[in-house]
Amino acid sequence: LEKLTLLYEGKAKQVYQTDNKDEYIVHYKDDATAFNGEKHDTILGKGVLNNKISSFFFELLKKEGVPTHFVRREDDRNQTVLTLDIVPLEVIVRNIAAGSMAKRFGIEEGTPLKHPILEFCYKNDELGDPFANESQITALGWATQEQLDVISTITLKVNDILKKFLATKNVTLVDFKLEFGTHNGEVLLGDEISPDTCRFWDATTGEKLDKDRFRRDLGNIEEAYKEMLFRLTGERA
Ligand code: C5P
């Protein structure tokens, strides 16, 4: 597989066209942004860690029968994925109140929820990824009701698989964000699953092992990502 044109450059990744019309190569960068790009920094080695961590999660999900875009990890910074027509949504699952939800409702971070929450946001940087409900999403044509039903089912299944697996590594899955697209009409899980897109708390101490260390200037960002890679794979980065 050969990297050809750079198709898209995001905050943390680049997507390249390849000589196979069904496959892209995704390159993981060391850049980190937060608060919709207002805070920006480079975290040396983050791209390698996220590529490895996300590849690990996607392989786990594939084994459990979740339809994903993931083909294989190529090397430290690159993975091959199936081409997707993006569904312009950020799909968020919450098991414990934290982040924007805790703030919006004025509740303490760490407040348990009676059941997982599913939220949809319209993926649009200029607008700051605003909330969208199912009625708005189908009316505006961002996804059909059938696609939303598939997305919701896959998302809750991913939550079950990851929550259970992470519990065996003494990690609490607080919340996370997924993205989807279609390939030949089939809805597939896309993007990445990493400490950039999830909240991971040590189950014993509550220590944050994710991007909140960057967002909130808590320090030891790389160490936290390395710890996650170690707990998942046993690899010392
Ligand atoms: O900020 P908020 O509390 O809404 O984030 C919920 C979850 O979604 C967090 O795990 C966060 O890392 C993830 N997220 C993301 N990309 C965004 C917004 C949120 O990965 N643009």
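Fair warning: this is a prediction, and the values are worked out from it, not measured in the lab. (Residues numbered from 1 in each chain as written. Predicted model: local features only at pLDDT ≥ 70, side-chain atom pairs only at ≥ 80, totals over all residues. Heavy atoms only, no water.)

Asks: What exactly am I supposed to notice about the overall build of the protein here?
Replies: Within the protein, the regular secondary structure consists of six helices and 12 strands. Relative to the 2.2 N^0.38 estimate, which gives 18 Å for 237 residues, the radius of gyration of the protein is 17 Å and therefore close to what a compact globule would have. Dimensions of the protein, computed from C-alpha atoms along their principal axes, come out at roughly 45 × 45 × 35 Å. The buried share among the 237 residues of the protein stands at 50%. Taking contacts inside the protein between residues at least 6 apart in sequence as the whole, the part at least 24 apart equals 54%. As presented, the protein carries roughly 11,400 Å² of accessible surface, and 50% of it is formed by carbon and sulfur atoms. Distance between charge centroids for the protein: 4 Å, based on 32 positive and 41 negative side chains. (Helix = DSSP H or I, 4+ residues; strand = E, 2+ residues; numbered from the N terminus. Rg over C-alpha atoms; globule rule 2.2 N^0.38 Å. Buried < 20%, exposed > 50% of the residue type's maximum accessible area, 1.4 Å probe, protein only. Contact = heavy atoms within 4.5 Å. Areas by Shrake-Rupley, 256 points an atom, 1.4 Å probe, with all protein chains shown as cover. Lys, Arg positive; Asp, Glu negative; His and termini not counted. Charge placed at Lys NZ, Arg CZ, Asp CG, Glu CD.)

Asks: What am I meant to see in the packing of aromatic side chains here?
Replies: Remark: the centre distance and the inter-plane angle together describe each pair of aromatic rings, the angle taken between the planes. Taken as a whole and assessed by the stated rule, the structure comprises five aromatic pairs. Centroid distance Y122 to W142: 3.8 Å. Interplanar angle 5°. Geometry classified as stacked. Of this pair, Y122 sits in strand β9 (residues 112-122) while W142 sits in the loop between α3 (134-139) and α4 (145-167), placing them 20 residues apart in sequence. Connected via pairs of aromatic rings, a cluster forms that spans F56, F57, F165 and F200. When the ring centre of F214 is taken as reference, the NZ or CZ atom of K39 above it lies at 5.0 Å. Lying across the ring of F230, R236 places its NZ or CZ 3.5 Å from the centre. (Phe/Tyr/Trp six-rings, centres within 6.5 Å; stacked < 30°, edge-to-face > 60°. Lys NZ or Arg CZ within 6 Å of the ring centre and 35° of its normal.)

Asks: Looking at this structure, how should I read the packing of helix α1 (residues 46-63) against α4?
Replies: α4 packs onto α1 with a crossing angle of 115° between their chain directions and a minimal axis gap of 11 Å. Crossing angle aside, the handedness with which α1 passes α4 is right-handed. Contacts between α1 and α4 pair F56, F57, L60 and L61 from the former with V158, I161, L162, F165 and L166 from the latter. (Axes fitted to C-alpha atoms, helices over the stretch in contact; angles between N-to-C directions. Left-handed = near helix turned anticlockwise from the far one by under 90°.)

Asks: Where do I start with the pairing of strand β8 (residues 85-96) in this structure?
Replies: Consecutive residues of a regular strand have side chains that alternate between opposite faces of the sheet. Across the 12 residues that make up β8, a large majority, nine, are buried. Strand direction decides the pairing type here: β8 and strand β10 (residues 171-183), joined by seven bridges, are antiparallel. Bridging across to β10, R94 finds its partner in D175. (Pairing = 2+ DSSP bridges.)

Asks: I'm lost on the site of the ligand in this one. Help?
Replies: Neighbouring the ligand are 15 residues; E90, R94, S100, D175 and R199 lie closest to it. Here an oxygen atom of the ligand and a side-chain polar atom of D175 are 2.6 Å apart. Measuring from an oxygen atom of the ligand, one finds a backbone N or O atom of T197 at 3.5 Å. Isolated, the ligand exposes 450 Å² of accessible area, and the fraction of that covered by the protein chains is 79%. When residues of the shell around the ligand are traced back to their parent elements, those giving at least two are β8, α2 (99-105), β10 and β12 (198-202). For the shell around the ligand, the class distribution of residues is four nonpolar, three polar and eight charged. (Near = heavy atom within 4 Å. Polar contact = N/O pair within 3.5 Å; in protein donor to acceptor, adjacent residues only side chain to side chain. Nonpolar A, V, L, I, M, F, W, Y, C, P; charged D, E, K, R; others polar.)

Asks: How do you make sense of α1 when you look at a structure like this?
Replies: Since the α-helix turns once every 3.6 residues, residues separated by three or four places project in the same direction. An ideal rise of 1.5 Å per residue puts 26 Å on 18 residues; α1 measures up with 26 Å between its terminal C-alpha atoms. Along α1, 14 of the 18 residues are buried, which leaves the element largely enclosed by surrounding structure. G65 sits one or two positions beyond α1 and adopts a positive phi of about 90°. (Expected span 1.5 Å × (residues − 1).)

As far as function goes, none of this settles anything; it's purely spatial.
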